[in-house]
Amino acid sequence: MINEQKICFSGVQPSGNLTIGNYLGAIRNFAAYSEAYKCFYCVVDEHAITVRQVPAELRRRTYETLALYMACGLDPEKNTLYVQSHVPAHAELSWILNCFTMYGELSRMTQFKDKSTKHADNVNAGLFTYPVLMAADILLYQTDVVPVGIDQKQHVELARNIVERFNQIYPDTFTMPEPIIAKNGKKIMSLAEPTKKMSKSDENQNAVVYILDDKDTVIRKFRRAVTDSDTRVRFAEGKDGINNLMTIYSCFTNKSMDEIEREFAGKGYGDFKLAVGEVCADALAPVQSRFRELLADKAYLEAMMKKGAEEAAYYARKTLSKVQKKLGFVPLPR
Ligand code: TYM
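Residues numbered from 1 in each chain as written. Predicted model: local features only at pLDDT ≥ 70, side-chain atom pairs only at ≥ 80, totals over all residues. Heavy atoms only, no water.

Enquirer: Go over the pairing of strand β5 (residues 178-181) with me, naming the residues and quoting the values.
Expert: Across four bridges, strand β4 (residues 145-148) lies against β5 in parallel orientation. Bridge pairing in β5 links Val148 to Ile181. As a crossover connection, the stretch from β4 through helix α8 (residues 153-169) into β5 is right-handed. (Pairing = 2+ DSSP bridges. Helix = DSSP H or I, 4+ residues; strand = E, 2+ residues; numbered from the N terminus. Right-handed = clockwise from strand over helix to strand, strands pointing away.)

Enquirer: I'd like to hear about the pattern of salt bridges, residue by residue, with values.
Expert: Close approach of charged atoms allows side chains of opposite charge to pair. For the coordinates displayed, the defined rule picks out 20 salt bridges. Where Asp230 meets Arg234, a salt bridge forms, and the shortest distance between an N and an O atom there is 3.3 Å. Asp230 sits in the partly exposed class, given a relative accessible area of 26%. What makes Arg234 partly exposed here is its relative accessible area of 29%. A salt bridge links Lys306 to Glu310, with the shortest nitrogen-to-oxygen separation between them at 3.3 Å. Residue Lys306 and its partner Glu310 are located together in helix α13 (residues 298-327), separated by four residues, close to a single helical turn. Among the residues examined, Glu310 registers a relative accessible area of 49% and is labelled partly exposed. Linked by salt bridges that have partners in common, Asp228, Asp230, Arg234 and Lys239 make up one network. (Salt bridge = Lys/Arg side-chain N within 4 Å of Asp/Glu carboxyl O. Buried < 20%, exposed > 50% of the residue type's maximum accessible area, 1.4 Å probe, protein only.)

Enquirer: Explain the domain arrangement of the chain to me, and be specific about the residues and the numbers.
Expert: Split into domains, the chain comes out as domain 1 (6-181 + 298-327) and domain 2 (205-292). Centre-to-centre, using C-alpha coordinates, domain 1 lies 30 Å away from domain 2. Opposite the 12 residues of domain 1 that make contact, domain 2 presents 14 residues. Interface of domain 1 and domain 2: buried area, both sides summed, is about 1200 Å²; carbon and sulfur atoms make up 80% of it. Across the contact surface, domain 1 and domain 2 share zero salt bridges. At the boundary of domain 1 and domain 2, one finds three residue pairs in polar contact (both at pLDDT 80 or more). Counting only elements with at least two residues in the side of domain 1 that touches domain 2, the list comes to α1 (20-30) and α3 (55-71). For the side of domain 1 that touches domain 2, the residue count by class is eight nonpolar, two polar and two charged. (Domains from an automatic or database assignment. Contact = heavy atoms within 4.5 Å. Buried area = accessible area lost by both parts, 1.4 Å probe. Polar contact = N/O pair within 3.5 Å; in protein donor to acceptor, adjacent residues only side chain to side chain. Nonpolar A, V, L, I, M, F, W, Y, C, P; charged D, E, K, R; others polar.)

Enquirer: I'd like a description of α8, backed by residues and values.
Expert: Its 17 residues give α8 an end-to-end C-alpha distance of 25 Å, which sits within 8% of 24 Å, the value for a rise of 1.5 Å per residue. Of the positions making up α8, those classed as buried are His155, Val156, Leu158, Ala159, Ile162, Val163, Phe166 and Asn167. Along the axis of α8, the buried positions cluster into a sector of 165°, meaning they face one direction only. Seen from the buried face of α8, the exposed residues on the opposite side, beyond 90 degrees, are Glu164 and Gln168. (Expected span 1.5 Å × (residues − 1). Arc of directions from axis to C-beta.)

Enquirer: Could you give me a rundown of the packing of helix α9 (residues 215-223) against helix α12 (residues 269-296), with the residues and numbers involved?
Expert: A pair of packed helices can be characterised by two numbers: the angle between their axes and the separation between those axes. Axis separation between α9 and α12 bottoms out at 8 Å; the angle between their running directions is 150°. For the pair α9 and α12, the crossing hand works out as right-handed. Seen from α9, the contacting residues are Lys215, Val218, Ile219, Phe222 and Arg223; seen from α12, they are Lys273, Leu274, Val276, Gly277, Glu278, Cys280, Ala281 and Asp282. For the contact of α9 with α12, the per-class residue count stands at seven nonpolar, one polar and five charged. (Axes fitted to C-alpha atoms, helices over the stretch in contact; angles between N-to-C directions. Left-handed = near helix turned anticlockwise from the far one by under 90°.)

Enquirer: Lay out the environment of Asp45 in plain terms, naming residues and giving numbers.
Expert: Within the fold, Asp45 resides in helix α2 (residues 45-48). Linking Asp45 and Gln84, residues 39 residues apart in sequence, is a C-alpha distance of 6.1 Å. Residues in contact with Asp45, not counting those within four places in the same chain, are Pro14, Thr62, Val83, Gln84 and Ser85.

This is how it looks when you write it as structure tokens:
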């Protein structure tokens, strides 16, 4: 806790164009924490380089992710919005926590297993220790809650194990973080293979709806979404494609599955897909126009980037110094 206020932390990688999975599972829920928590929302560029990035694209997406945070309702006066590599304490604490994380624990991470299969030619040590850097992100701010999609839950649980281990040796060092998983939208699936998570790194553009897709593109992608040979819109086991579309529709309209079934009774999949596309595109339109305004004002974005990094560095430094002291590192003589 900082000044008795509870802390919220989350991050997004600038490793690809952000999807409605990122939006519904994470970003759109962030603003709700601003009132009750002190919030830190980070653009995690250091995590992004565990997979090869094109430098110019990484740079562009770092600005874009920051702008998208704001376009999705995060006021930089009420939240600390910043870029991970601007606060060196993340990498420093990450090294320390590496020494408190077990090889076996990291080997069990499903994201590591998936990514090392996908990038078999580049299974680097950073990919393996990725969750340790994520634990450092969270623990540096003495975080209480971490709003994330379900795919990140295992990583937050690892951070909890690290807290337990570290605090046992050095009592009262870190706050125990709690993952908060959205009830609706915690796992948005691919439109092409609805048993797979929708992912910003998917090569099939039709599998993914991006936050910045225009209305025609959104509608076209939903129209082509893979479904099944049934014709009734209903939520049921084995109907992964329709279940996913109903979940997306429900996220954007706040309607329950029963209400959606009733709304589309007697109508076919075609009508339903069009309706999903429309509610999605209409919800994204104001985010997109705000995003374009923000991106056009680079000076403002940079001023907010700097302010965020300064605020974050202040809190991060406090925790890092405490940890270094506990470990027995000699402070630099003044
Ligand atoms: P990233 O960049 O992959 O995703 C950002 C957030 O979006 C959520 N998400 C989804 N939610 C629902 N359905 C989907 N298809 C979907 N795809 C992504 C993710 O769960 C995440 O909440 N390791 C993290 C970034 C990170 C972080 C942190 C998060 C680094 N440090 C500290 C929280 C706390 C990641 O790769 O997220």
